[in-house]
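Inside the fold
One letter stands for each residue in the lines below.
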Amino acid sequence: MNPLLIAVPTALTAGAVVAYGAAHARAQLFGRTICRTNSARKLALTFDDGPNPVITPKLLDLLDRYNAKATFFLIGRYVRECPGLVQETIARGHLVGNHTENHPNLFRLTRREIRIELRLCHDAISNALGSPPKWFRPPFGMRNPWVIPAARELGYRTVMWTLIPGDWQDKPAEWLIPRMQPIADHAQRTLGNGSKSTAVGTGDILCLHDGTHREMNGDRSRTLAALEHWLPRWRDLGLEFVTIGEAVSTPAP
């Protein structure tokens, strides 16, 4: 038998496995990640690529209106430009996490380069707040075998998502709103009549963006408009808006 007939399919299979481990949000091939909340009632709102002076303050006000807590994964170079906004985010009851210094695709980086990206952002947030964060999200969700171990070295747990509706795309809120419908569909299936006793299974982690990695002050108004639509509807379905810390914690009996 021609060895190529064996080698080529094997190589393709191995490549597919690596691609899955690198890019699929719920893949655990390269290390354990948080992909869901521990209760169907808990919805973890997460926002990447901030802080953004144009959008983040408006988002914080919107979240306050619905008593919603969230987790913000921050870019280090932006943290250095507006540490006060990071401090305000924490003061309002939210969490922040590491989203690297410059938002590269970590799959393409060496172990040393990954450590530098994480450490620079780690130091920026620590300097702004006086203490380091505990959470990390890789840019684009991309991982290689060194990403999660590098995060663990800094004491981080890695957070992915169940839904990423694509709010970075230059499309109107009317396009984005239907792409967030799966959160409501899941809540209707799992929460039943809204009674706490009917909530079964795990809940969703939603990945949105309050900034853009390409430049400071990016326009994320469509994200705000979509949340204006969905927050009251999700609340009426019985969902609780929680930080990642609350999403994985076990409530006291």
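About the criteria used
Residues numbered from 1 in each chain as written. Predicted model: local features only at pLDDT ≥ 70, side-chain atom pairs only at ≥ 80, totals over all residues. Heavy atoms only, no water. Helix = DSSP H or I, 4+ residues; strand = E, 2+ residues; numbered from the N terminus. Rg over C-alpha atoms; globule rule 2.2 N^0.38 Å. Buried < 20%, exposed > 50% of the residue type's maximum accessible area, 1.4 Å probe, protein only. Contact = heavy atoms within 4.5 Å. Areas by Shrake-Rupley, 256 points an atom, 1.4 Å probe, with all protein chains shown as cover. Lys, Arg positive; Asp, Glu negative; His and termini not counted. Charge placed at Lys NZ, Arg CZ, Asp CG, Glu CD. 1 Å grid on protein atoms, 1.4 Å probe; cavity = no way out; pocket = protein on both sides within 12 Å on 5 of 7 lines; lining within 4 Å. Points joined across faces, edges and corners; volume = space filled by probe spheres on them. Nonpolar A, V, L, I, M, F, W, Y, C, P; charged D, E, K, R; others polar.

1. Things to note about the overall build of the protein
Along the protein, the regular secondary structure elements total 10 helices and seven strands. For the protein, the C-alpha radius of gyration of 19 Å lies close to 18 Å, the compact-globule estimate for 253 residues. Sorting the 253 residues of the protein into buried and exposed places 52% on the buried side. Considering only residue pairs separated by 6 or more positions, the protein has 76% of its internal contacts joining residues 24 or more positions apart. With the model as given, the accessible surface of the protein reaches about 11,700 Å², and the carbon-plus-sulfur share is 55%. Separation between the mean location of the 30 positive side-chain charges and that of the 23 negative ones in the protein comes to 7 Å.

2. What to know about empty space enclosed by the protein
This model, assessed by the stated rule, comprises two cavities of 30 Å³ or more. The calculated volume of the largest cavity comes to roughly 50 Å³. Lining the largest cavity, in full, are Ala-40, Lys-42, Leu-43, Ile-183, His-186, Ala-187, Thr-190, Gly-203, Asp-204 and Leu-239. Looking at the lining of the largest cavity, the elements that each hand over two or more residues are β1 (42-50) and α8 (181-191). At four residues, the largest contribution of residues to the lining of the largest cavity is made by α8. Estimated volume of the second largest cavity: approximately 30 Å³. Together, Gly-50, Pro-51, Thr-56, Phe-72, Leu-74, Leu-85, Val-86, Thr-89, Val-96 and Asp-210 line the second largest cavity. With three residues, the top contributor of residues to the lining of the second largest cavity is helix α4 (residues 83-91). In the lining of the second largest cavity, the residues fall into six nonpolar, three polar and one charged.

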